[in-house]
Amino acid sequence: MERVPLERKVLSENDKIAATLRARFQEHGILCLNTISSPGSGKTSLLERTLASLPSHDRVAVLTGDIQTDNDAARLRRFHFPVKQITTGGTCHLDARMIERHLADWKLEDLDLLFIENVGNLVCPSSYDLGEAAKIVLLSVTEGDDKPLKYPSIFFKSDLLILTKTDLLPYVPFDIETAAENARRIHPGIEIVKVSCLTGNGFHEWLMWLGERRRAAKPLSPVA
Ligand SMILES: Nc1nc2c(ncn2[C@@H]2O[C@H](COP(=O)(O)OP(=O)(O)O)[C@@H](O)[C@H]2O)c(=O)[nH]1
Ligand SMILES: [Mg+2]
């Protein structure tokens, strides 16, 4: 019985920090995207291929969360953009304070795009606002097309669903249209792209979505 008020307090404290972060991101015209999925759905792979596609002068950074190891930061640093690992030491999600702390020595005026890779988990990260402009949920074709119905919260809260590992479709009983329908039953307006990080299929659609969101995040420049 004591649990509910305590959870509310933690979440409302998180919401306050997240609101401050969101205001700072907006002030600097930074698009912040929070990527969420089960462990192994391909978050780091998506970010690797995305970073590889961006020009080296692009003002992009990544915060990547895991319970242990800085393996993902090491993978992502190969692309020469600023990357920091957030190691939670057991916590199954990132929270806004972790984001605030790890941003402390980056100059926000040097950034246009911030990717957050959340800890692999389809449940807990959905409750923690990180100040992002949008949550992106990834679901790989090896996880089952029923998952949007089983874990509705994250599908409801995400602007975009990325169905990943589509190169494996010939080998697994996963109906991609059923997965999309299930996601739309939970969140009728959710946008959906289908990608393979192995072959690059669908990357054009993902990069188009990203480009549109980046343009929308920039304040209009004054007309001369
Ligand atoms: N076949 C296939 N494997 C993939 C794809 N994307 C990622 N993987 C593999 O899936 C595993 C987990 O990927 P990773 O990016 O680490 O997932 P994360 O835990 O969500 O960050 C790795 O072995 C990747 O090589 C894909 O599009 N196709
Ligand atoms: Mg990862």
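Every value quoted in this text rests on a predicted model; they were computed, and no experiment measured them.

Trainee: Would you mind showing me how to read the site of ligand 1 here?
Mentor: Among the 16 residues in the neighbourhood of ligand 1, the closest are listed as K43, T44, S45, D167 and C197. At 3.3 Å from an oxygen atom of ligand 1 is found a main-chain nitrogen or oxygen belonging to S41. L198 is positioned with one of its backbone polar atoms (N or O) 3.4 Å from an oxygen atom of ligand 1. For ligand 1, whose accessible area on its own is 580 Å², the fraction buried by protein is 71%. Considering every element that reaches the shell around ligand 1, the biggest residue donor is helix α2 (residues 43-53), with 3 residues.

Trainee: Explain the pairing of strand β4 (residues 113-117) to me, please; I cannot follow it from the model alone.
Mentor: Regular strands place their side chains on alternate faces of the sheet. Of all 5 residues in β4, 5 are buried; the element is thus mostly enclosed. Along β4, one buried face is formed by L113, F115 and E117 and the opposite face, lined by L114 and I116, is buried too. The sheet contact formed by strand β1 (residues 31-36) and β4 spans 5 bridges and is parallel. Bridge pairing in β4 places N34 opposite I116. Alignment of strand β2 (residues 60-66) against β4, held across 5 bridges, turns out to be parallel. Paired with L63 across the two strands is I116, which belongs to β4.

Trainee: What is the right way to read the packing of aromatic side chains from this model?
Mentor: We describe a pair of aromatic rings using the distance from one ring centre to the other and the angle between the two ring planes. Using the criterion set out here, one finds 1 aromatic pair in the structure. Residues W206 and W209 carry aromatic rings whose centres are separated by 6.0 Å and whose planes lie at 20 degrees to one another, so their mutual orientation is stacked. A residue pair is termed a helical-turn pair when its members lie 3 or 4 positions apart in one helix, as W206 and W209 do in helix α8 (residues 203-217) at 3 residues. For the pair formed by W206 and W209, the shared burial category is buried. We note R49 situated over the ring of F203; from NZ or CZ to the ring centre the distance is 5.6 Å.

Trainee: Looking at this structure, how should I read the packing of α2 against α8?
Mentor: Each pair of packed helices gets described by two things: the angle between the helix axes and the distance between those axes. Direction vectors running N to C along α2 and α8 enclose 75 degrees, while the axes themselves pass 12 Å from each other. Looking at the two axes, α2 sits roughly perpendicular to α8. Seen from α2, the contacting residues are L46, R49, T50 and S53; seen from α8, they are F203, W206, L207 and L210.

Trainee: Is there a simple way to explain the coordination of the magnesium ion (ligand 2) in this structure?
Mentor: Under perfect tetrahedral coordination by four donors, a metal shows angles of 109.5 degrees; under perfect octahedral coordination by six donors, it shows angles of 90 or 180 degrees. Coordination of the magnesium ion (ligand 2) by the protein is provided by T44 (OG1), D72 (OD) and E117 (OE), with metal-donor distances spanning 2.1 Å. Going along the chain, you hit the donors of the magnesium ion (ligand 2) in the pattern T-x27-D-x44-E. Remark: E117 occurs in strand β4 and D72 occurs in helix α3 (residues 71-77); sequence separation between them is 45 residues.

Trainee: I would appreciate a short explanation of the pattern of salt bridges in the present structure.
Mentor: Between side chains of opposite charge, pairing is possible as soon as their charged atoms come close. Throughout the structure, instances matching the rule amount to 16 salt bridges. D146 is the partner of K150 in a salt bridge, and the nearest nitrogen-oxygen pair spans 3.5 Å. Where E191 meets R213, a salt bridge forms, and the shortest distance between an N and an O atom there is 3.9 Å. Pair noted here: E191 is in strand β7 (residues 191-194) and R213 is in helix α8, with a separation of 22 residues, a long-range link. What you see here is one network of salt bridges that share partners, running through E48, D72, R75 and R78.

What counts as what
- Residues numbered from 1 in each chain as written.
- Chains lettered and ligands numbered in written order.
- Predicted model: local features only at pLDDT ≥ 70, side-chain atom pairs only at ≥ 80, totals over all residues.
- Heavy atoms only, no water.
- Near = heavy atom within 4 Å.
- Polar contact = N/O pair within 3.5 Å; in protein donor to acceptor, adjacent residues only side chain to side chain.
- Areas by Shrake-Rupley, 256 points an atom, 1.4 Å probe, with all protein chains shown as cover.
- Helix = DSSP H or I, 4+ residues; strand = E, 2+ residues; numbered from the N terminus.
- Buried < 20%, exposed > 50% of the residue type's maximum accessible area, 1.4 Å probe, protein only.
- Pairing = 2+ DSSP bridges.
- Phe/Tyr/Trp six-rings, centres within 6.5 Å; stacked < 30°, edge-to-face > 60°.
- Lys NZ or Arg CZ within 6 Å of the ring centre and 35° of its normal.
- Axes fitted to C-alpha atoms, helices over the stretch in contact; angles between N-to-C directions.
- Parallel < 35°, antiparallel > 145°, perpendicular 65-115°, else oblique.
- Contact = heavy atoms within 4.5 Å.
- Donors = N, O, S within 2.8 Å, 3.2 Å for Na, K, Ca; no water.
- Salt bridge = Lys/Arg side-chain N within 4 Å of Asp/Glu carboxyl O.

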